[in-house]
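What follows is the residue order along each chain.
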Amino acid sequence: MRYELYRDAGGQWRWRLRVQNGNVIADSSEGYVHREDCERGIALVKNSGEASIVDMTTKIA
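Residues numbered from 1 in each chain as written. Predicted model: local features only at pLDDT ≥ 70, side-chain atom pairs only at ≥ 80, totals over all residues. Heavy atoms only, no water.

A.B. asks: Describe the sheet that holds strand β3 (residues 24-27), listing the residues and the values that go with them.
C.D. replies: Taken together, the 3 strands give an open sheet; going across it, the order is β1-β2-β3, and neighbouring strands pair in antiparallel fashion. Across the chains shown, the open sheet's two edge strands, defined by having one partner strand only, are β1 (2-7) and β3. Strand-to-strand, the axes of this sheet are offset by a mean angle of 30°, without reference to chain direction. In this structure, β1 lies alongside strand β2 (residues 13-18), joined through 6 bridges in antiparallel fashion. Following the sheet pairing, E4 is matched in β2 by R16. (Pairing = 2+ DSSP bridges. Helix = DSSP H or I, 4+ residues; strand = E, 2+ residues; numbered from the N terminus. Axes fitted to C-alpha atoms, helices over the stretch in contact; angles between N-to-C directions.)

Below, the structure is given as structure tokens:
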């Protein structure tokens, strides 16, 4: 897997997580003005391994 940093059509920084077969499995939901902020977004995802999983199908909307 690899994180790819790139600029979108508007010139903002974005990231995407690509797996070995080339598919994108995650991406930034927003553009960033500064590359450093985009890299911080990647770091947040990398460190979210201990985040809980919540089954929203059991929640009342």
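Moving on from the model shown.
A.B. asks: Mind laying out the pattern of salt bridges, listing which residues take part and the relevant values?
C.D. replies: Two side chains carrying opposite charge are able to pair once their charged atoms lie near each other. According to the stated counting rule, one finds 6 salt bridges in the structure shown. The residue E4 makes a salt bridge to R18 at a minimum N-O spacing of 3.0 Å. Here the residue E4 occupies a position in strand β1, and R18 occupies one in strand β2, the gap between them amounting to 14 residues. This pair shows no difference in class: E4 is buried, exactly as R18 is. Between R14 and D8 there is a salt bridge; the shortest N-O distance is 2.8 Å. Bridged by salt links that share partners, the residues R2, E4, R16 and R18 form one connected network. (Salt bridge = Lys/Arg side-chain N within 4 Å of Asp/Glu carboxyl O. Buried < 20%, exposed > 50% of the residue type's maximum accessible area, 1.4 Å probe, protein only.)

Function-wise, these values are silent; they only describe arrangement.
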